[in-house]
Amino acid sequence: MPTKKEPIWIARELSKCSGCRKCEIACSLFHENRIWPEASRIRVFMLVPGSDFPHFCAQCEDYPCVKACPVKALSISKKTGAVLVKNKACTACGKCIDACPGRIPHMHPTENRIVICDLCKGYPQCVKVCQEGGWNVLTKVPRKDQAYKLYARTPEETTRDLVAKMYGEQGQEYV
Amino acid sequence: MILGYAGKFLEVNLSTGNVKEIKFGDVVLKDYVGGRGLAAKILWDRLGSKWGKIDPLGSENILLFLTGPLTGYFPGGRICVSGKSPQSNGVVGSTVGGEFGVELRCAGYDGIIVTGVSEKPVYLFIKDSDVEIRGAGHVWGKDAKQTVATLTKECRELLKKRYPRYGEWKEPAMLYVGPAGENKVRTAVVAAKWTHAAGYGGYGAVMGSKKLKAVAVKGTGPLPEVADMKRVKRLIKVVNNNAYEDELWRRWGTGAGGYEVGAKTSSEPVRNWQDEWHDEKSFGVDQFENRFWIKHYWSDFGCPTCCLKIAVIKTGKFKGAITDNPDYEMQAYLGPNLGIFTPEENVFLTSLIDDLGLCGIQTGNVMGFAAELFQRGILTKKDLDGIELKWGDVEAFASLAKKIAFREGIGDLLAEGTYRAALKIGKIKNMDLLPYAVQSKGISIGAHGIRSGKDYPEIISYACSVQGGDHTSTTGLPLDGGESELMGIFNDSGVYCNFNSFGISRKVRFNFYEAVTGLKLTREEWCSTKALRVLQLQRAMLLLGGPDLKWDPKIHDANPPRFYEPLPSGPYKGKTTDRAAVEEYKNRYYEAVGWDENGIPLSEILRKLGLKDVNKALEKLR
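Another point: the overall build of chain B. For chain B, the count of helices and strands is 23 helices and 17 strands. In terms of overall dimensions, chain B is globule-like: its C-alpha atoms have a radius of gyration of 23 Å, near the 25 Å expected for 622 residues. Counting only C-alpha atoms, chain B reaches 60 × 60 × 50 Å along its principal axes. Within chain B, buried positions represent 62% of all 622 residues.

See below:
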């Protein structure tokens, strides 16, 4: 297990996701002290029933969102490798969403700012609850020199992959 | 305002297109909580004085989609669908799993009250406080999977267009009907997520009668504020940990039942309940799992159990069939009850039933009834429009299911559900066909028999339930027992999944209610006052019935005749239900619940519960 000082990554085995949304519950409880699925930094999409999967920051090696921010509201945590949002600086312009290959960041539902996974200071709550259930869709691993950006995919792209695997050709009709 | 509630309800009149927000006072919410309890209250207040005249499929009926204060908090999200039932002519609190209840609460509503009838097919699209009635002509006639795909895409495009800077929009949660609901089939469901269904009650037909194809909702707010979040978090953990301990329950869901309930407890419907035992190992959970399950853990909001599994047929003539599990009820009713003992055929038929928007339990029941009539030569191939309805012939049952969903030929009669079909076909054939109808008060018996005495329902569980054959609302004594009908009312009024309450003490459930709402609730108060009040309301509306049928407790507080035939085979061969024991138990139950010897709620108890107008309405039945 990585120690708290190392940068981390959340490995994800999407086709195993049960869609229980405990990650959304844990994330929003941690950050907002409410059960608030739309304010969660990790959101479970189910564009086709059964193809539920968590959509959240992939921490790309080159951090295109951080580069795209015109007001320097985004930075990279040296401790964890997470993208951090300076809430006060963010103008909710949405440029980070467009820069993200997976269009992963989304606006906070009631405040004028973006929300991005901050890895809970190195102790991601989503991983914790996912592992409690014994499914291990999400696993915390040490961050190494790997192509994490591959996982920054739009909900439609990931859904197409998952339904191809689950339902074969006919799955594409449902996306 | 009581905590744990969004605080307002949406009322939509489909005749006028008028949409408004309404509120219920604290006293009403305290007494009736939500879901099933509140449904009984709303229906009585609005329709009680003319109950017997209300046609469940007419414009005056009210369709309810209600959450409860525990929805989204108690693990396993559900929504309660209700109205005057076209099956029992009473009230059923019919719940279905999924994210709908959570999305609705996050949109700021505790429920939706739908009145009137639309001229053209429509669907409701709710995004927080923006509520639209939109045309559904393009999805009318479409099956479950097509409907979900089309409306999911359409709603997400609307959101994207209206809120271009938000980022990616998740799918809204959706409830919908298939062709069966559109055609007002009394065994039609209100469905979610392709495979989930509110089946008992027949509210798919009510939704169809209102020309309401679907309701889609996206809420961006938090769940309503609770009284004690720390305590809520702790209680969520208690429920989760309890579920995590039961490895096989999680691994198999109810999917082990298809073999075991027959083989071990002799309480599974086999060939329209002519037997309840089978030892067909071909129907074992191992074969479902190894051959068809492509996802082993699928769940609804917050659920630690994940009793759902996704089954897909990838080869052979049924290639392309997709459904969940099938769960035990679907295995039984679309399996052994039709003489089908292969997982492949069962998965195929369940997938078809999902697509058509039919209830697998009640359609499996009525198809089994028809097959027995064919077996006995009462219904001929000609009567069945050329279908040779032999036990085990899955293609024949698939053809029949389609006929039922579209009300074609014989399907039009069977679409009335088992009880009404028995009366109608009996009239044509000039025979009493009720001995073959395995139902109670218009509602098919769930797939758990009583003859062996080895399963959970008791000998009066269906006979005296206010929800007829509903296996999730069975009754018995003691009234305040852990799995009594009064605790069923708690689950369905707090609105969460009862599967996650297995092994959870009543105390924890009441503590949960208190942590969310800030209101103390004891078992005593619940069972002797609040739940009992809901039960009496449901009983009153059930007995007032109408317009096509009414129930007389002396005749209809009864088990189906079949349950008095001896079991013909298996380890419990010869066992049957003792009529004298049923009468004795029924009398004790009547006394405990406050009903007179004829099964009518007593004035004394109704007055004590503050139900004076109910008492007055029941005068004519005494």
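All names here are of chain B. Of all six residues making up strand E7 (residues 122–127), six are buried, and the element is well covered by its neighbours. As paired elements, E7 and strand E8 (residues 130–135) share six bridges and run antiparallel to each other. Residue pairing for E8: Phe125 is matched across the bridge by Glu132. Where E7 hands over to E8, the hairpin turn is made up of two residues, of which Asp128 adopts a positive phi near 50 degrees.

Now for the packing of helix H12 (residues 343–356) of chain B against helix H14 (residues 394–405) of chain B. Residue and element names in this part refer to chain B. Here H12 crosses H14 at 10 degrees, and the two axes come no closer than 10 Å. As summarised for this structure, H12 and H14 are arranged roughly parallel, according to the angle between their axes. In this structure, H12 contributes Glu345, Phe348, Leu349, Leu352, Ile353 and Leu356 to the contact, and H14 contributes Val394, Phe397, Ala398, Ala401, Lys402 and Ala405.

With 16 residues, helix H7 (residues 229–244) of chain B ought to run about 22 Å at 1.5 Å a step, and its terminal C-alpha atoms sit 22 Å apart, in line with that. Residues of H7 of chain B that are buried: Val232, Leu235, Ile236, Val239, Asn240 and Ala243 of chain B. End-on, the buried residues of H7 of chain B take up no more than an arc of 140 degrees, which puts them together on one face. Opposite the buried face of H7 of chain B, at more than 90 degrees from it, the exposed residues are Lys230, Arg234 and Asn241 of chain B. Among the structural elements, helix H4 (125–132) of chain A together with helix H8 (247–252) and helix H18 (506–517) of chain B are those in contact with the buried residues of H7 of chain B.

Further remarks concern the sheet that holds strand E14 (residues 308–312) of chain B. Residue and element names in this part refer to chain B. Spatial ordering of the open sheet is given by E13-E14-E15, a layout of three strands whose pairing is antiparallel. What marks the edges here is a single partner per strand, and that holds for strand E13 (293–298) and strand E15 (322–324). Between one strand and the next, the sheet's axes are offset by a mean angle of 15 degrees, whatever the strand orientation. Bridge count for E14 against E15 is three bridges, and the pairing is antiparallel.

A few words on the domain arrangement of chain B. Residues and elements named next belong to chain B. When the domains of chain B are assigned, the result is domain 1 (1–228 + 474–546) and domain 2 (246–444). Taking only C-alpha atoms, the centre of domain 1 and the centre of domain 2 are 26 Å apart. If you look at the interface, domain 1 gives 36 residues, while domain 2 gives 30 residues. For the side of domain 1 that touches domain 2, the elements supplying multiple residues, two or more each, are helix H4 (144–162) and helix H5 (179–182). Looking at which element gives the most residues to the side of domain 1 that touches domain 2, the answer is H5, with three residues. A breakdown of the residues in the side of domain 1 that touches domain 2 according to their chemical character gives 16 nonpolar, 16 polar and four charged.

As a further point, take the interface of chain A and chain B. Counting from both sides, the interface comprises 41 residues of chain A and, opposite them, 37 residues of chain B. Of all elements in the fold, only helix H1 (22–32), strand E2 (43–45), strand E6 (106–107) and helix H5 (155–167) of chain A reach the threshold of two or more residues within the side of chain A that touches chain B. The dominant element in the side of chain A that touches chain B, judged by the number of residues it contributes, is H1 of chain A, at four residues. Broken down by class, the residue content of the side of chain A that touches chain B amounts to 21 nonpolar, 11 polar and nine charged.

Residue and element names in this part refer to chain B. Of all hydrophobic cores here, the largest spans 256 residues; its most connected members are Leu358 and Ala370. Shared between two domains, this core holds at least three residues of each, these being domain 1 (1–228 + 474–546) and domain 2 (246–444). In this view, Ala370 contacts Leu379, Leu389, Leu400 and Leu414; residues no more than four positions away in its chain are not counted.

So, how was this worked out
Residues numbered from 1 in each chain as written. Chains lettered and ligands numbered in written order. Predicted model: local features only at pLDDT ≥ 70, side-chain atom pairs only at ≥ 80, totals over all residues. Helix = DSSP H or I, 4+ residues; strand = E, 2+ residues; numbered from the N terminus. Rg over C-alpha atoms; globule rule 2.2 N^0.38 Å. Buried ≥ 20, exposed ≤ 12 C-beta atoms within 10 Å, placed from the backbone. Pairing = 2+ DSSP bridges. Axes fitted to C-alpha atoms, helices over the stretch in contact; angles between N-to-C directions. Parallel < 35°, antiparallel > 145°, perpendicular 65-115°, else oblique. Contact = placed C-beta atoms within 7 Å. Expected span 1.5 Å × (residues − 1). Arc of directions from axis to C-beta. Domains from an automatic or database assignment. Nonpolar A, V, L, I, M, F, W, Y, C, P; charged D, E, K, R; others polar. Core = buried A, V, L, I, M, F, W, Y, C linked by C-beta atoms within 7 Å.

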